[in-house]
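# Overview (structure and organization)
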Amino acid sequence: GEGCILGAAGSVIGVGSDIGGSIRMPAFFNGVFGHKPTTGIVPNEGQFPSAVGIRTDFLCTGPMCRYAEDLEPALRIMAGPGVEKLKLNEKVSLEKVKFYFMEHDGGSPFVSPVDKEILEAQQKVIENLEAKLGVEVHHLAISKMKYSFQIWATLMSVNSSSDGQKIPNFTDLLGDHGKPVWPSWELLKWLVGRSSHTFPAIALGMSERLVNWNPKAKTKAEGMARSLQEEMADLLKDDGVFLYPPHPVVAPRHHEPLGMPFNFAYTAIFNILGFPVTQCPLGLSKEGLPLGIQVVAGRHNDHLTLAMARYLEQEFGGWVCPGKG
């Protein structure tokens, strides 16, 4: 809803909550800016379902805007006292920033291949940065990114907190204070049009059950999460920016995502890592659908991704009015 009303110029600033990409994906699909702040900066109180236990480390509330310059003042207001942990008053010289990119996750079987036009848009950004800023954009091949969905699903399935409190499973939440939902039964009902839940929700519930039934795979995924976080933090430090597709495909038609329900892994992995990410529009595809890119920085370096958003808007036009043409 927020992405649609912003993309249609019906609103100036929107608020999104993001535990797997729910700020960045609608922002990408609708050609606007969306910022997932560093974890723990903006309070999450008042949301339903509320995040508890380890999931509070993944849920982020942040701004969505048509114009890049609106992201920072919106973030300042939303963060309240938490804004003191950021460096929003620091002037950013993009010529001194270290740039990295990956064109895809390495080929996970759980997600679609990245669309050609998304890759072309990313390449134009790289060429622009190297030509106009005089920087070198380094290509990375981080093998653990291929397991983004498994890592996210595993960490989201942890059902107890450090103090021993039981955390509701996703299937508990689907029951809406009633009996927990049985995903396999709901899948059978969905096949005959009788389930009240969507296929992606049912699939997520099934993956949650599978994760908890395989403790060895769960331990392995948790280890990869820690290792990936350390690797990325060491790479980006306080002066690095990582460019990555916001989604493997452009805005899909209704029901198309049912075939590949885990494409959100491209955004979800950064909830696990806790890094700030800004989705930036990059014009339109040949069919008139928005293109975009995720800009990622190290923890508490939101000022770098916001500066990049302003730069990319200047160079690539940012939001495109849907009435044009």
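So, how was this worked out
- Residues numbered from 1 in each chain as written.
- Predicted model: local features only at pLDDT ≥ 70, side-chain atom pairs only at ≥ 80, totals over all residues.
- Heavy atoms only, no water.
- Buried < 20%, exposed > 50% of the residue type's maximum accessible area, 1.4 Å probe, protein only.
- Helix = DSSP H or I, 4+ residues; strand = E, 2+ residues; numbered from the N terminus.
- Pairing = 2+ DSSP bridges.
- Axes fitted to C-alpha atoms, helices over the stretch in contact; angles between N-to-C directions.
- Contact = heavy atoms within 4.5 Å.
- Phe/Tyr/Trp six-rings, centres within 6.5 Å; stacked < 30°, edge-to-face > 60°.
- Lys NZ or Arg CZ within 6 Å of the ring centre and 35° of its normal.
- Salt bridge = Lys/Arg side-chain N within 4 Å of Asp/Glu carboxyl O.
- Core = buried A, V, L, I, M, F, W, Y, C linked by side-chain atoms within 4.5 Å.
- Expected span 1.5 Å × (residues − 1).
- Arc of directions from axis to C-beta.

With an unreviewed UniProt entry as reference, the protein is termed Fatty-acid amide hydrolase 2, source organism Sphaerodactylus townsendi.

This part takes up helix α5 (residues 148–156). Counting buried positions along α5 gives 8 out of 9 residues, so the element sits mostly inside the fold. Among the residues making up α5, those that are buried are S148, F149, I151, W152, A153, T154, L155 and M156.

With that out of the way, let us pick up the sheet that holds strand β3 (residues 60–65). Strand order in this open sheet of 8 strands is β1-β3-β2-β7-β8-β6-β4-β5, and the pairing throughout is mixed. In the strand order of this sheet, the two ends are held by β1 (13–18) and β5 (137–139), each with one partner. On average, adjacent strands in this sheet sit at an angle of 25 degrees to one another, irrespective of strand direction. Together, β1, β2 (33–36), β3 and β7 (277–284) form the strand contacts of helix α3 (residues 71–79), whose direction differs from that of β3 by roughly 150 degrees.

Under the criterion given, the structure shown has 12 aromatic pairs. Taken together, a centroid distance of 6.1 Å and an interplanar angle of 85 degrees make the contact between F149 and F264 edge-to-face. With a gap of 115 residues between them, F149 in helix α5 and F264 in the loop between β6 (240–244) and α10 (265–273) connect regions that are remote in the sequence. The buried category is assigned to F149, whose relative accessible area is 6%. Under the relative-accessibility criterion, F264 is labelled buried at 15%. Joined through ring pairs, the aromatic side chains of F110, F149, W152, F262 and F264 make up one cluster. Here the basic side chain of R66 rests over the ring of W319, its NZ or CZ set 5.0 Å away from the ring centre.

This next bit is on the pattern of salt bridges. Under the defined criterion, the tally for this structure stands at 9 salt bridges. Its salt-bridge partner being D18, residue R24 comes within 2.9 Å of it at the nearest N-O pair. A single burial state applies to R24 and to D18, both of which are buried. Notably, a salt bridge pairs D234 with K237, separated by 3.7 Å at the nearest N-O pair. The exposure class of D234 is exposed, given its relative accessible area of 52%. One salt-bridge network, held together by shared partners, links E72, R76 and R310.

Turning next to the nonpolar core. By size, the foremost hydrophobic cluster in this structure holds 76 residues, and its most contacted members are L129, F242, L243 and F270. When near neighbours in sequence (up to four residues on either side) are disregarded, F270 contacts R24, K36, M145, M232, F242, Y244, F275, V277, Q294 and V296. Counting residues in each nonpolar core, the second largest holds 6 residues, with L6, I23, A27 and M64 among its members.

It is worth spelling out helix α9 (residues 215–236) at this point. With 22 residues, α9 extends 32 Å from end C-alpha to end C-alpha; this agrees with the ideal 32 Å at 1.5 Å per step. Among the residues of α9, K218, A221, M224, A225, L228, M232 and L236 are the ones counted as buried. The buried residues of α9 occupy an angular sector of 120 degrees when the element is viewed end-on, so they sit on one face. For α9, the exposed residues set more than 90 degrees away from the buried face come down to P215, K216, T219, K220, E230 and D234.

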